[in-house]
Every structure is written in structure tokens, then in C-alpha cells.
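What follows is the residue order along each chain.
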Amino acid sequence: MAAQRYALIMGGELRNKGAQAMSFIAVEQVKKRFPELIPVLLSNADARPNLYWRLKGVKPREDFSRLAFTIEHPMDAALYHRLTGDATENTASARGPREAAKMLVFGREWRRTATCYGNAALCLDISGFNFGDKWGFDACQAYLDRHAFNRELGIPTYILPQSFGPFEFDGAGLAAGIASAAADILPHARMIFARERDGYEALRGICPGANIIKSDDLVLQSAPLDTTAIFTAPPKMCTHLPADHAGTVGIVPNARNYDHGDKAVIDGLYRKLIATLLSEGRRVALIRHASEDLAFCERIKAMFPDDERVEVFGEDRYCFEYEELFSRCDVLVASRFHSIVHAYKCGVPCIALGWAVKYAELLERVGQADLAFDVTAADFDPDGVIASVEYALAHRDELSGRITTAVAQAQRENVFDAVEADFRSL
């Protein structure tokens, strides 16, 4: 009897809703296009096997296999030894093979991990944004380590739409090291899809031999999710939503903005913006889009502790619930990339507060780049943000129409068509 074959999906997770959306879409597409393969979501972000599902009180389909582990430096060497029998000293884990082995056995995932990698038919990388100098040298090296591991095992790999670069590390040696390793490792990927023009050019600069293709975001170009690919029964939806036609402005904070930007300036912006909106008779919805952002929703609410018009929507919703939530908002002030994507899919204009070029290029895609603000820029202007919110509210219908047209254009293509055609040609 032939061994079961697997489609590995790496770079995703379930708690960050952008990553969850890409994970669910990848699983759905594997089941639709490659029914002979079992999709396996590789995720060490969810801590223990099926922990996320237990917390949610639901059961995924039995054939939606998932692991609570992703191959990451320095643990990759121990699993490589297990699969190849190569236990040479120069490939030993930096933490030592015994310690690495203990980490791999965590959750009793070692045997299943080895089985899935050893019988992998293909790998889909849905990382979103993990390879660029803003993540530091070690994170970029870990990204390349994962792809080197796939190359060594001969697994055909497709890097689905994500952001790349820049690669301006502190120190010429670090930059040269990443560039050299990337030029050696990434051309093994069958296809690499870059979401942004800047990222496309940055990756081409260090990987001239790689097959790099410009593409829209995976979630933006995808049709509504078929949840039967994930769940045995319809999942329970959250009913806590803003009231219809209540003049609500949604705010989606991002912990990374506070990491990269000036905390006092960002807090001051939210305080002044919300005070302005309240003075105009509007309501404000503070919306959690990643688990780590709930604290920042509560931080902003604490500026208006006694005003019921400022409300936190902090529940752990599924990614496909956000379009209904965002559709209840007139405008969204968003700092999570995929919160903007979901808002666009229901025609809601967004003012983006970000820290990377991906935000500006996403808004440029719908002809609204002037509504994107970089919180790390020396000329970051909080008053300009507030003016843009007022502009978007006043011109909502016009902006919404342009968004709907651009989304329809993006959905004329799907990267999985190209992936399927290439894989079937092997």
C-alpha cells in the first residue's frame, strides 16, 4: 500500500488572524486541487497540539491534520538527522542534538513530524512577512534555514504571496551573509510570489536566479472561504458586533507599531482622534485582530474609561468573521495588514497606520496611497491622520466604489492556478 503523501503548509498560525486566513485558504485549496494529499499546517505558535481548537471549543475535520511544530533554527538539525541518518558533527544543532531532540518531542510530535516531512509531496510557505531587516539577522537566517531544509529533502516548495526586504542590515558582513545565503537557497523554490513592488525588486537584487513573480495578496485574491474544508460542523460565530448605521469608526491597533514607533505619539494620536470622533457624535470600535493586540485595545479604552461609545471588541473571532464586523464600520483606522484586506473585501475605506512599505503599497493598489501613514517616519503627522479620517468619512461612497473595483480586478487571478499547473508538470 502506498504511503500517504502530505502538503506541508509553513509560516502560518491560528492566533494572528491574517496568518489564520492564509492558513485556512491554503488548506482549502490543497483539499480542492490536490485531493490525494493531506494538508499539514506546521505551527509552533499554537504551543501544543490542538490547543487552539480546545480553547475555541470546536473540532476541525479529522483530515485537516496539523502539527504544533515548525522546523526552525536551531532545532532543524536534529530532525534532519532523524530523516537522513546524517549525524555528522558539523550539522549538529547549536543547542546540541539531545536538547534539540527534547524540543522536537514536545507534544509527542517528533514521529508525526518526521513522517510528514519524509512523505511530503510539496510545501507551501505562507509566511506573510518574515524575511527582511526589520526582523533582524537571526530571524532571516531561520527563514532561510527552513528553505534549506526543504531543499535538502527535495521537497518542491512554493513561496506564496508575502513581503520581502529591505535587506539593509547593520553591518556590511551581515547584509552580505544574508544575500549570499539567499542566492544559494531560495532558487530551489519552484515559484516565489512577492506582494509588493519594493519587495519584488529587493529579492531580485539578492536572488537573481530565483523565479520571482509579482502577485496580489493571497487573501485579497481569494473567494470567500468554504468552511466545510476546515470544520465538521458550522462553527459558532461571535454575536458581539457594532450596531448597524451607528456612525462607527473602527480602530485596529498593532503591537508592532508600538515596538517600531513612538509610543507617546501613537497614544496621543488615538486620544485626539477618538475625542474628535466623539465630539461629532460617532462611536468607536476598538478591534482585536491578533491576540497580542488586545492589551492595546484596552490601553486605548482606558483613555475613555467611562464613555460607553468607545467599546472594545476583543473576542477571538475566526478570520472569516471580520468582514461582517468591519462592514458595520464607516471607516477603519487599521494597523494590521490583513485587517485592511478584509475591510477592502467588504468595501470599507481604511486609513493605514503601519511600519513597513506593505501598507502603502496595499493602499496604492486601490488608488488611496495618500491614506497610508508610516508611524516610524520622521515626518509622521498625527494631525494628518485625523484629517484623513475626516476625508474618508466625507467621501466614503466614492472611496468604497474604487475599492470594490480594485478587489474585483485582483480576484481575476489566483496564485494557486499557477502552483497547481507547475506541480502537475513535475
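In this numbering scheme, every chain counts its residues from 1 along its sequence in written order. It should be noted that, the model being predicted, local features are given only for residues of pLDDT at least 70 and side-chain atom pairs only at 80 or more, the latter also being counted only at that level, while totals for whole chains, interfaces and linings use all residues. With hydrogens and water stripped out, all remaining heavy atoms of the structure feed into the side-chain values.

## With respect to the pairing of strand β1 (residues 5–10)
Put simply, the rule is: For the exposure calls, accessible area comes from a 1.4 Å probe over protein chains only, and a residue counts as buried if that area is under 20% of its type's maximum, exposed if over 50%, partly exposed in between. To qualify as a helix, a DSSP run of H or I must reach at least 4 residues; to qualify as a strand, a run of E must reach at least 2; elements of each kind are numbered from the N terminus. Strands are treated as partners if at least two bridges between them are detected by DSSP. Think of it like this: strands point away, you trace from the first strand over the helix to the second, and a clockwise trace means the crossover is right-handed.
Burial analysis of β1 places five of its six residues in the buried class, which makes it a mostly covered element. The sheet contact formed by β1 and strand β2 (residues 37–42) spans six bridges and is parallel. In the sheet register, Leu-8 faces β2, and the bridge partner there is Val-40. In terms of handedness, the path from β1 via helix α1 (residues 17–33) over to β2 forms a crossover that is right-handed. Bridge count for β1 against strand β4 (residues 120–125) is five bridges, and the pairing is parallel. Bridging across to β4, Leu-8 finds its partner in Cys-123.

## Things to note about the confidence of the model for the chain
Test applied: The quantity called pLDDT is the predictor's confidence in a given residue, expressed from 0 to 100. Pairs of residues are marked as contacts when any of their non-hydrogen atoms sit within 4.5 Å.
Summary statistics for the chain give a mean pLDDT of 86 and a share of 84% for residues scoring 70 or more. Here residues 68–77 is modelled with pLDDT under 50, and outside its nearest four sequence neighbours on either side it reaches 38 contacts, counting other chains as well. Here residues 87–107 is modelled with pLDDT under 50, and outside its nearest four sequence neighbours on either side it reaches 30 contacts, counting other chains as well.

## Focus: the side chain of Lys-301
Defined as follows: Only four residue types enter the tally: Lys and Arg on the positive side, Asp and Glu on the negative side, with His and both chain ends excluded. Salt bridges are counted wherever a side-chain nitrogen of Lys or Arg sits within 4 Å of a carboxyl oxygen of Asp or Glu.
Summarising the element assignment, Lys-301 is placed in helix α11 (residues 294–301). Buried and unpaired, Lys-301 has no salt bridge, with Asp-307 as the nearest side chain of opposite charge at 6.2 Å. When residues no more than four places from it in sequence are discounted, the contact partners of Lys-301 are Leu-286, Asp-307, Val-310 and Val-312.

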